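One letter stands for each residue in the lines below.
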Amino acid sequence: MKFMSNNWAKIEEKWRNEWEKAHIFEADPDPTRKKFFVTFPYPYMNGPLHIGHGFTATRVDIYARFMRMKGFNTLFPWAWHWTGEPIVGAALRVQKGDPELVKALKEIDGVPEDELRRFVDPVYMANYYTREGKEAVRRIGFSVDWRREFHTTSLEPTYSRFIEWQYERLREKGYVTKGTHPVVWCPNCESPTGDHDRLEGEGVSPEEYTLLKFQYGDAYLPAATFRPETIFGVTNMFINPEAVYIEAKVNGEKWIISKEAAPKLSEQLKRVEVQREFKGAELIGKSFTDPVSRRTLPILPGWFVSPESATGVVYSVPAHAPADWIALKDLVKKPDELRKYGIDPSVVENIKPISLIRVEEYGEFPAVEIVEQLGVKDQFDPRVDEATSIIYRKEFHTGVLKPITGKYAGKRVQEVKAELIEDFKKLNIADSMYDLPEKVVCRCATTCIVKILSDQWFLRYSDPEWKKVAHEAVDSASVFPEEARTYFHDKLDWLHDWACARRTGLGTPLPWSSGWIIETLSDSTVYMAFYTIVKHIRLHGIKPEQLTNAVFDFVFYGKGDGEILAKSSGIPVTVLNGMKEEFEYWYPVDMRVSAKELVPNHLSFFIFQHTALFPKKHWPRGIGVNGMLSIEGQKMSKSKGNFLTLRNSLNRFGADVTRLTLVLGAEGMDDPDWREENAKGIDARLMALQRFVGDLVKLHGGVEAKTVDRWLLSTVQRRVKTVTDALEVMKTRTAAEVAFFELWNDIRWYMRRTEAPNIKVLREVTEIWVRLIAPFTPFLSEELWHFLGKENFVSLAEWPVYDNTKIDKAAEESEELVKSLMEDTVSITKATKITPKRICFYVAAEWKWKAYIEALKKAQAGKIEMKDVMKDLLKNPEIQRKAKDLAAFLSKIIVEINMAAEDLKKRKLEIGVLDEKTVIEEAKRFLQKELNAEISVYNEEDPQKYDPKNRASQSKPYRPAIYVE
RNA sequence: GCAGAGGUAGCCAAGCUAGGUCAAAGGCGCAGGCUUCAGGAGCCUGUCGCGAAGGCGUUCGUGGGUUCAAAUCCCACCCUCUGCACCA
């Protein structure tokens, strides 16, 4: 299974030890240097770190290393998230001996048997994974300052204190409120059932129905609907004659609902006393009164009515509800059934739809039309749902209410819905209840219901004022990639209040209300501030009780008097000031990077809470987002068995290979795909690179500076620029690709081109190269750096600075000339199938260059025509003699120039006349070797030239004529 | 359903925000050659088609349009992926 090549393990261990010995990643405030603070969202410790963590965190580390090399005092801290339910849940499952989990722990996480036994203790489990995780983080070479490591929850009391401070301040500022909230609830577990705790019903969430209270004697028939506006078109009621209904006191009123509805309502803050149970048939044929227009209408049998859904009571609006219309039609066909319930069939036959919504493309009764259009057979036809959804959407978005709806007439359904519900509730003709549109089953096999949690604590992310400030924070930060900015704005708008406390799991208790624990996504929003002070807490053994709110206010807000605080807290004033200065030095966070799945929650909360708790100068400065990693094209999951832990990958491929493979996978919001083949390829590459650089160092060669040398130096500078610019905006893939492959290819070409490479040039280039790859593959780079005889760490070496003066456009063009000459010659030999013995190149005559450059100059202003160029050129007597050839030449050149891009023209003009003859002469031996033929170079006007086929006259600037024989 | 991202040659994947230097970077795979005792090593060449002179033709999800010129801009359509909450 192990794949790692030769010596990676040794190299990696060596440099890791060296780094740790020298403490080079421990960063302390240094007012003389600019700081840079990067963070990675601490990972949740219910399992080992996996390659997905590795992807994001590698990007963070690359950025940290890049900024460090650029001279910033860079801090990259690390911590562990223990808050939440799953660790506790997993421990419980271990205790129960859940075979699936035990298998995964053993086989995927690689937990040894004797450790596994102790996993019944969630804290042990969290500790275990934290230990393992730290080892992986060290091994992959993240440049972390470990003095600031911590984990969350009350098991880290000083952190808990910080969280308490945070929540008390949030509450004071009015960002925390109390309210009620519907959740999917498991009556057995007595807790909310999140998506991943379900056997069935993934993605199903509570939906709110409006209950319209129709009068039935001294009781109410609360009919459930999403479309209360349709009450104006009610014609009858449907009750399932086969289902069991009950009569109950609900908050003191007498309600008739399905048997199943009663327990649901009692979980939704309603007092329900069941008084009597009976078959739905009992109601059929009776009548009820509609509370709006006081009409008396019949109750009809509706077998399609599900007692499982909401109240099991349905009112009928045949004009706008296809299901109702089709149900009525069905009844008309069953007069005998009707008679059985004592209903005169004529009653049903006489029911006429009542239209209340006007909608484009439909007439008075949209439901009737759609039923015909789709050819719906009966109430059990699956197309009923389709018809319903078409009409519902159409009417909701474009429907306008008719005069029959009274005060709502003329308005769009969409606009008045909320208002109408409100009004109806005030008039006590409506109520509401939640229900699940589909069945949800908890992992414990119990069917879930909706429960309304009362006394729930919320963070008021719906607050428009708060949102506004959060938007501002997003706008004031750098966002990489830039496209993610809109994504943030969208999500900030979309977020509503967030229940920030739970009853179970690990965490920090809510300071002001016992029995609540601050929920996991809510205790991880501004903890980066804690990184700045935890070092002091450890160093001076500060106790949690010493960390009073006043102490935090002093450190984070500069509030209060240090001397007084020192007395009250027992923390020496120097330490207090040290913490304050440290916070003020490092804050704000300069860069936080995560996968895009965290944008709608964690990263948005991170922004929200920073704006709530900190002044503008401490708002986040940079946010990076990246895609989600898949494995061999598949979403990574333990159950699929394609779960790759970081440790596993490190064991098999080593740190550098893992890092580079990950980072070459994708950038921006694209999802990277981990492929083992790629990792193997990278391994081979890095090995080759090690050898290649090794060989370069050993080379002997000339020192004469030729065009190729200038070309290489120039090209390398361009690479420096590309890599640097890409890294600045977190385009880590582009940067790695250029630093490794493109630059390598440049050097390779140079080696091929030169017989005796210029060792001074090579040395310069290699030293740049090793530094460019250092953020990506720090271990190998460190090794190579020392191989080059350097005494310092490449991790701390100065990042190569783009040197404009080394750019040599003429040298670049010259090299292009050599390449294209080769290509063209090969193309000719291929087309003619000649095996060349002799090749002649004829460079363009001086007058052609003059004409070419003149044309370029004229073309600066825009399109050029023959006569414009011609006129001026002919003033020159030398050219005048060539007038005939000039016309032919110009006609070709002008078309090309007119088609060329602006910057190309500019570039060519800047270069001026290129001494093609010298360039080709310099490359002659190379061309001879490559083309395997005798090479001659002539100026086209050279009287001595060998040109049997008269090719020479075809030459153009940058396009020497070629003759092959 | 709502929102976001994306469809590029055998595969992965750049380029497309500033249209021309794009038959389209780079990697992988494949084919051929060289080097090597050997090699999951290295080097070179080719990898849309045609071509007896550096050329031509046809490609960048589909169909239209704008332009002297479009993978790149506009419109319509088809398809794929991701998120949608109290949970890490």
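Note that this is a predicted model, so its numbers are computed, not measured. (Residues numbered from 1 in each chain as written. Chains lettered and ligands numbered in written order. Predicted model: local features only at pLDDT ≥ 70, side-chain atom pairs only at ≥ 80, totals over all residues. Heavy atoms only, no water.)

K.L.:
Mind showing me how you'd approach helix 7 (residues 157-172) here?
P.N.:
Residue pairs spaced three or four apart in an α-helix point in one direction, given the helix's 3.6 residues per turn. Compared with an ideal rise of 1.5 Å per residue, which puts 16 residues at 22 Å, helix 7 spans 22 Å between its outermost C-alpha atoms and is within 8% of the ideal. Within the sequence span of helix 7, burial applies to Thr158, Tyr159, Ser160, Arg161, Phe162, Ile163, Trp165, Gln166, Tyr167, Arg169 and Leu170. Among the structural elements, strand 3 (176-186), strand 19 (449-459), strand 23 (517-518), helix 17 (528-539), helix 18 (549-557) and helix 21 (599-613) are those in contact with the buried residues of helix 7. Just downstream of helix 7, glycine 174 is the residue with a positive phi angle, here 85°. (Helix = DSSP H or I, 4+ residues; strand = E, 2+ residues; numbered from the N terminus. Expected span 1.5 Å × (residues − 1). Buried < 20%, exposed > 50% of the residue type's maximum accessible area, 1.4 Å probe, protein only. Contact = heavy atoms within 4.5 Å.)

K.L.:
Can you walk me through the sheet that holds strand 4 (residues 191-192) in this structure?
P.N.:
What links the strands of a sheet is backbone hydrogen bonding, and the strands pair in either a parallel or an antiparallel sense. Overall, antiparallel pairing links the 4 strands, which are arranged 4-3-19-21 in an open sheet. Only two strands of the sheet have a single partner each, and these edge strands are strand 4 and strand 21 (498-499). (Pairing = 2+ DSSP bridges.)

K.L.:
What exactly am I supposed to notice about the pattern of salt bridges here?
P.N.:
Side chains carrying opposite charge are able to pair once their charged atoms draw close together. For the coordinates displayed, the defined rule picks out 79 salt bridges. Measuring nitrogen to oxygen at the nearest pair gives 2.4 Å for the salt bridge that ties lysine 70 to glutamate 728. Within this pair, whereas lysine 70 is found in the loop between helix 2 (51-69) and strand 2 (73-75), its partner glutamate 728 is found in helix 25 (residues 707-728), the two being separated by 658 residues in sequence. Judged by relative accessible area, which is 31%, lysine 70 ranks as partly exposed. With a closest N to O distance of 3.6 Å, lysine 340 and glutamate 337 form a salt bridge. Of this pair, lysine 340 and glutamate 337 both sit in helix 10 (residues 335-340), 3 residues apart, which is roughly one turn of the helix. Its relative accessible area of 61% is what places lysine 340 among the exposed residues. (Salt bridge = Lys/Arg side-chain N within 4 Å of Asp/Glu carboxyl O.)

K.L.:
Would you mind showing me how to read the packing of aromatic side chains here?
P.N.:
Following the criterion strictly, the structure yields 68 aromatic pairs and no others. Here tyrosine 42 and phenylalanine 150 contribute two aromatic rings whose centre-to-centre distance is 6.4 Å and whose plane-to-plane angle is 85°, an arrangement assigned as edge-to-face. Here tyrosine 42, found in the loop between strand 1 (35-39) and helix 2, pairs with phenylalanine 150, found in the loop between helix 6 (122-139) and helix 7; they are 108 residues apart in sequence, far enough to count as distant. Their ring planes at 40° and their centres at 5.5 Å tell us that phenylalanine 162 and phenylalanine 530 sit as a pair that is tilted. Taken together, the residues span a long stretch of sequence, with phenylalanine 162 in helix 7 and phenylalanine 530 in helix 17 at a distance of 368 residues. Overall, phenylalanine 162 belongs to the buried group, its relative accessible area being 0%. Here the basic side chain of lysine 638 rests over the ring of phenylalanine 643, its NZ or CZ set 5.1 Å away from the ring centre. (Phe/Tyr/Trp six-rings, centres within 6.5 Å; stacked < 30°, edge-to-face > 60°. Lys NZ or Arg CZ within 6 Å of the ring centre and 35° of its normal.)

K.L.:
Could you clarify how one ought to interpret the nonpolar core in this entry?
P.N.:
Soluble globular proteins tend to pack their nonpolar side chains together in the buried interior. If you look at the biggest cluster of nonpolar residues, it comprises 157 residues, and the most contacted ones within it are Trp78, Phe119, Phe776 and Leu927. For phenylalanine 776, the contacting residues outside a window of four places in its chain are Ile62, Asp656, Arg659, Leu660, Val663, Leu727, Thr732, Ala735, Ala736, Ala739 and Phe740. Counting 70 residues, the second largest nonpolar core, distinct from the first, contains Ala27, Ala470, Tyr531 and Val534. (Core = buried A, V, L, I, M, F, W, Y, C linked by side-chain atoms within 4.5 Å.)

K.L.:
Sorry, what's going on with unusual backbone geometry here?
P.N.:
Peptide bonds are mostly trans, and most non-glycine residues show a negative phi. The omega torsion across phenylalanine 480 and proline 481 is -5°, close enough to zero to call that bond cis. Structurally, the position occupied by proline 481 is in the loop between strand 20 (478-480) and helix 16 (484-494). Backbone torsion omega between tyrosine 587 and proline 588 reads 5°, so that peptide bond is classified as cis. Tracing the backbone shows proline 588 in the loop between helix 20 (573-586) and strand 24 (591-595). With phi around 45°, glutamate 632 is a residue other than glycine that occupies positive phi space. With respect to the helices and strands, the residue glutamate 632 is situated in the loop between strand 26 (630-631) and strand 27 (634-635). Unusually for a residue other than glycine, methionine 730 sits at a positive phi of about 65°. Mapped onto the fold, methionine 730 is located in the loop between helix 25 and helix 26 (732-753). Look at methionine 730 and you get buried, because its relative accessible area is 2%.

K.L.:
I'm lost on the domain arrangement of chain A in this one. Help?
P.N.:
Where interface size is quoted, it is often the accessible area lost as the parts come together. Taken domain by domain, chain A consists of domain 1 (33-175 + 460-533 + 588-628), domain 2 (207-435), domain 3 (540-586), domain 4 (691-807) and domain 5 (831-964). Measuring from the centre of the C-alpha atoms in domain 3 to the corresponding centre in domain 4 gives 48 Å. (Domains from an automatic or database assignment.)

K.L.:
What is the right way to read the side chain of glutamate 12 from this model?
P.N.:
Looking at where glutamate 12 falls in the secondary structure, it is placed in helix 1 (residues 8-22). Residues within four places of glutamate 12 in sequence aside, it is in contact with Gly654, Ala655, Asp656 and Phe779.

K.L.:
Looking at this structure, I do not really get the confidence of the model for chain A. What am I missing?
P.N.:
A low pLDDT means the predicted coordinates there should not be read in detail. For chain A, per-residue confidence averages 91 on the pLDDT scale, and residues scoring 70 or more make up 99% of the total. Confidence, read as mean pLDDT per element, is least for strand 5 (residues 198-200) in chain A (78) and greatest for strand 2 (98). (pLDDT = per-residue confidence, 0-100.)

K.L.:
It is not clear to me how the environment of glycine 203 should be interpreted in this structure. Could you clarify?
P.N.:
Structurally, glycine 203 is set in the loop between strand 5 and strand 6 (207-216). On a C-alpha basis, the gap between glycine 203 and glutamate 438 in space is 9.7 Å, while along the polypeptide they are 235 residues apart. Dropping the residues within four chain positions of it, glycine 203 is found in contact with Asp195 and Arg198.

K.L.:
So what exactly am I meant to see when it comes to the packing of helix 15 (residues 464-476) against helix 16 here?
P.N.:
Any two packed helices are characterised by how steeply their axes cross, that is the angle between the axes, and by the distance between the axes. With their axes 10 Å apart at the nearest point, helix 15 and helix 16 run at an angle of 170° to one another. With respect to helix 16, the element helix 15 is oriented roughly antiparallel. Judged by residue contacts, Lys467, Ala470, His471, Val474 and Asp475 of helix 15 engage Arg485, Phe488, His489, Leu492, Asp493 and Trp494 from helix 16. Split by residue class, the contact of helix 15 with helix 16 holds 5 nonpolar, 2 polar and 4 charged. (Axes fitted to C-alpha atoms, helices over the stretch in contact; angles between N-to-C directions. Parallel < 35°, antiparallel > 145°, perpendicular 65-115°, else oblique. Nonpolar A, V, L, I, M, F, W, Y, C, P; charged D, E, K, R; others polar.)

K.L.:
Teacher, can you tell me more about helix 14 (residues 413-426) here?
P.N.:
Compared with the 20 Å implied by 1.5 Å per residue over 14 residues, the 19 Å span of helix 14 between its first and last C-alpha is a close match. Its maximal kink placed at glutamate 419, helix 14 deviates by approximately 25°. The set of residues buried in helix 14 consists of Val413, Val416, Lys417, Leu420, Asp423 and Phe424. Next to the buried residues of helix 14 lie strand 6, strand 15 (357-358), helix 13 (383-398), strand 16 (400-401) and strand 17 (430-435). Looking one or two residues beyond helix 14, the residue adopting positive phi is asparagine 428, at roughly 55°. (Bend = angle between axes of the 7 residues up to and from the residue.)

K.L.:
Looking at this structure, I do not really get the sheet that holds strand 29 (residues 838-843). What am I missing?
P.N.:
Spatial ordering of the open sheet is given by 30-29-31, a layout of 3 strands whose pairing is mixed. Because the sheet does not close on itself, it has two edges, and the strands there are strand 30 (934-939) and strand 31 (961-964). The average undirected angle you get between the axes of adjacent strands in this sheet is 20°. Pairing analysis gives 6 bridges linking strand 29 to strand 30, with the strands arranged parallel. Along strand 30, the bridge assignment pairs isoleucine 839 with isoleucine 935. Contacts between helix 29 (residues 809-832) and the sheet are confined to strand 29 and strand 31, with strand 31 contributing the most and set at about 40° to the helix. On top of the sheet, helix 36 (residues 924-931) reaches strand 29 and strand 30; it is set at about 135° to strand 30, its chief contact.

K.L.:
Teacher, can you tell me more about the packing of helix 23 (residues 655-663) against helix 24 (residues 676-698) here?
P.N.:
Where helix 23 meets helix 24, the closest approach of the two axes is 9 Å, and the angle between their N-to-C directions is 120°. Relative to helix 24, helix 23 is oriented oblique. The crossing of helix 23 and helix 24 is right-handed. On helix 24, the residues touching Asp656, Val657, Leu660 and Thr661 of helix 23 are Asn678, Ala679, Ile682, Asp683 and Leu686. When its residues are assigned to classes, the contact of helix 23 with helix 24 shows 5 nonpolar, 2 polar and 2 charged. (Left-handed = near helix turned anticlockwise from the far one by under 90°.)

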